[in-house]
Amino acid sequence: MKTNVVIIGGGPSGLLLSQLLNKAGIGTVVLERRSRDYVLSRIRAGVLESGTVDLLRRAGCDARMDREGHPHEGCYLSTERGMFRVDFRDLCDNEVMVYGQTEVTEDLYAAQDAIGATIVHEAMEVMPHDLDGSPYVTYEKDGETHRIACDFVAGCDGYHGVSRTVIPADRKHEIERVYPFGWLGILSRTKPAADELIYANHPRGFALASMRNENLSRYYIQVPMEDDPDKWSDDAFWAELKRRLPDEVADTMETGASIDKSIAPLRSYVCTTMRHGALFLAGDAAHIVPPTGAKGLNLAMSDIHYLSEGLLAWYGSGEASGLETYSDRALLRVWRAIRFSWWMTSILHRYPQQDEFDQRMQEMELENLRDLDAARRAMALNYVGLPL
Ligand code: RFL
Ligand code: PHB
């Protein structure tokens, strides 16, 4: 088999890249290790930046998002001194879209089906080869080994994927920070606690009240990394969440059975080499942010913006500069999101070694946001997403 671009990973970044390239007549094959049902059962991000929304429009994936997504013009920050709102519309004339990653992925699959794209599910032992020469990718499916020759390989296979591992250690630089806590998250068929997201700093730890739609809520609480989600009963979760949210919210919120319960670790990670010969990394394959800034999926999408631009120019006119500058352009935006996500994490969580000084500094960060338009504006600009 032969194609222009082999895309490893059928998550949101791989599917968006495939869709944008196919629409321009560039051939792709997407190789995904899991089944389609499995990919669509993963519950992850919920907040789309306006730039991500624009990209999905360009990909032709906006009809259902416009019908079922919820534009949010602000969010709440809750502290021991009470709750206040950050008004994105007022501060930077922008908004975000609350629309689940699961829905985005489903829409991208539907768009790919509609144009007859090639997506191979349950492709095992995927491996890129000869990235400095005549690239090809091998994989196994139904007991047979397949080989696809290509011009380029896009590594869109997430943090645990194979793509990053083929870059030799002496040609790769990685920078990491692991945070000393995790997020226990649940999904429940209940009315959301508020009209917008609430990020809460509380002496017992961080809490987040989020949502998917009028009848589907997503909640998170900070827990020690060693905690076992199965040891958290629904009742214990709701009780702890309510302690950390403002009384007026906790007293009226609807609770119910959890549909999903899991613990996610918090990590910042950047592979500063996003290109290796014909291989281009994008999304979680190249970087991870703690979810506090709602940036992971959005960064994956902005990588694809830069990468698709580079590939379209290459196939359109032979112009190579977009591909040559891809890593630097993408990383500039990545580092900004890494900083924002680290900062949001640092002002909202309780750290095991947090002393009185750290505590005061955290309180002052939140006071600044409460009192200073300029501080809220900086947060709003980053939260809705910096320009591409
Ligand atoms: P994905 O989604 O991990 O997809 C990678 C795909 O590659 C496949 N794969 C392989 N395929 C073939 N061969 C191999 N060897 C392979 N290895 C892996 C996998 O099966 C998978 O289908 O990466 P992608 O496309 O880069 O997308 C990144 C996003 O999924 C991620 O950044 C976000 O979910 C992060 N995130 C959030 N991001 C936001 O922008 N806003 C949010 O509100 C937000 N909330 C979250 C989040 C992530 C969370 N968790 C659980 C990590 C909340 C949580 C709890
Ligand atoms: C979510 O709804 O899953 C979500 C929202 C905002 C975040 C993280 C996760 O910062």
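The rules behind the values
Residues numbered from 1 in each chain as written. Chains lettered and ligands numbered in written order. Predicted model: local features only at pLDDT ≥ 70, side-chain atom pairs only at ≥ 80, totals over all residues. Heavy atoms only, no water. Near = heavy atom within 4 Å. Polar contact = N/O pair within 3.5 Å; in protein donor to acceptor, adjacent residues only side chain to side chain. Areas by Shrake-Rupley, 256 points an atom, 1.4 Å probe, with all protein chains shown as cover. Helix = DSSP H or I, 4+ residues; strand = E, 2+ residues; numbered from the N terminus. Nonpolar A, V, L, I, M, F, W, Y, C, P; charged D, E, K, R; others polar. Expected span 1.5 Å × (residues − 1). Buried < 20%, exposed > 50% of the residue type's maximum accessible area, 1.4 Å probe, protein only. Arc of directions from axis to C-beta. Pairing = 2+ DSSP bridges. Phe/Tyr/Trp six-rings, centres within 6.5 Å; stacked < 30°, edge-to-face > 60°. Lys NZ or Arg CZ within 6 Å of the ring centre and 35° of its normal. Core = buried A, V, L, I, M, F, W, Y, C linked by side-chain atoms within 4.5 Å. Contact = heavy atoms within 4.5 Å. Disulfide = S-S within 2.5 Å. Axes fitted to C-alpha atoms, helices over the stretch in contact; angles between N-to-C directions.

### Examining the site of ligand 2
- Taken together, 14 residues lie near ligand 2, and Y199, S210, R212, Y220 and P291 sit nearest.
- Within the contact set of ligand 2, an oxygen atom lies 2.8 Å away from a side-chain nitrogen or oxygen of Y199.
- Contact distances for ligand 2 include 3.4 Å between an oxygen atom and a backbone N or O atom of T292.
- Bound to the protein, ligand 2 loses 97% of the 280 Å² it would expose on its own.
- Those elements that provide at least two residues to the shell around ligand 2 are β15 (207-213) and β16 (216-223).
- It is β15 that contributes the most residues to the shell around ligand 2, 3 residues altogether.
- Of the residues contributing to the shell around ligand 2, the split by class is 8 nonpolar, 3 polar and 3 charged.

### Notes on helix α12 (residues 356-371)
- For α12, built from 16 residues, the straight-helix expectation of 22 Å at 1.5 Å per residue is met to within 8% by its first-to-last C-alpha distance of 22 Å.
- Along α12, the residues that are buried comprise Q359, Q362, L366, E367, L369 and R370. For α12, the angular spread of the buried residues around the axis is 160°, confining them to a single face. For α12, exposure combined with an orientation more than 90 degrees from the buried face picks out F357 and D371.
- Taking the backbone nitrogen of F357 as reference, a side-chain oxygen 3.1 Å away marks D355 as the first, capping residue of α12.

### Observations concerning the sheet that holds strand β3 (residues 47-48)
- Pairing in this open sheet of 3 strands is antiparallel, and the strands run β3-β7-β4 from one edge to the other. The open sheet terminates on both sides in strands that have one partner only, identified here as β3 and β4 (70-72).

### Some words on the packing of aromatic side chains
- The final tally for this structure, using the stated rule, is 15 aromatic pairs.
- Between Y219 and W238 the ring centres are 5.4 Å apart and the planes differ by 75°, which places this aromatic pair in the edge-to-face class. Pair noted here: Y219 is in strand β16 and W238 is in helix α7 (residues 234-244), with a separation of 19 residues, a long-range link.
- Its relative accessible area of 6% is what places W238 among the buried residues.
- Put simply, the rings of F88, W183, Y199, F206, Y220 and Y383 pair up and form one aromatic cluster.
- The cationic tip of R34 hangs over the ring face of Y38; the distance from NZ or CZ to the ring centre is 4.1 Å.
- Above the face of the Y383 ring, K295 is positioned so that its terminal group lies 5.5 Å from the ring centre.

### Some remarks on the nonpolar core
- The biggest cluster of nonpolar side chains holds 69 residues, and the ones touching the most others in it are L16, L17, L31, L48 and L56.
- No other element matches helix α9 (residues 296-317), which puts 7 residues into this core.
- Leaving out residues up to four positions away in the same chain, L31 has contacts with V6, I7, I8, G9, G10, V120, A123, V126, V137, Y139 and I148.
- Core analysis: the next-biggest nonpolar cluster, separate from the first, contains 33 residues, F181, Y220, A294 and L366 among them.

### Describing the environment of N215
- For N215, the location among the structural elements is in the loop between β15 and β16.
- Beyond its immediate sequence surroundings of up to four residues, N215 is in contact with S188, R189, T190, K191 and P192.

### Remarks on the state of the cysteines
- All told, the structure shown has 0 disulfides when counted by the stated rule.
- C61 takes part in no disulfide bond, and the closest cysteine sulfur, belonging to C156, lies 15 Å away.
- Given a relative accessible area of 6%, C61 falls into the buried group.

### Let's talk about the pairing of strand β9 (residues 124-129)
- The sheet contact formed by β9 and strand β10 (residues 136-141) spans 4 bridges and is antiparallel. Within β10, the position partnered with P128 by the bridge is V137.
- Once β9 ends, the chain turns through 6 residues before running back antiparallel as β10, passing D130 with a positive phi of about 50°.

### Focus: the side chain of R333
- Following the sequence through the fold, R333 ends up in helix α11 (residues 326-348).
- Given a relative accessible area of 8%, R333 falls into the buried group.
- In this view, R333 contacts E49, N298, L299, S302, Y306, G385, L386, P387 and L388; residues no more than four positions away in its chain are not counted.

### Looking at unusual backbone geometry
- Phi at E122 is positive, roughly 55°, even though this residue is not glycine.
- Tracing the sequence through the fold places E122 in the loop between β8 (118-120) and β9.
- For E122, a relative accessible area of 43% puts it in the partly exposed group.
- One non-glycine residue, E125, lies in the positive phi region at around 50°.

### Some points on the sheet that holds strand β5 (residues 74-79)
- Here 8 strands make up an open sheet; going across it, the order is β6-β5-β14-β15-β16-β13-β17-β20 and the pairing mixed. The open sheet has two edge strands, β6 (82-87) and β20 (287-288), and neither has a second partner.
- The pairing of β15 with β16 spans 6 bridges and is antiparallel. From the neighbouring strand, L208 faces β16, where its bridge partner is Y220.
- Where α11 meets the sheet, its contacts fall on β13 (174-188), β14 (198-200), β17 (258-271) and β20, and the angle it forms with β17 comes to roughly 125°.
- Sitting on the sheet, helix α13 (residues 373-384) is in contact with β5, β6 and β14, with an inclination near 60° to β6.

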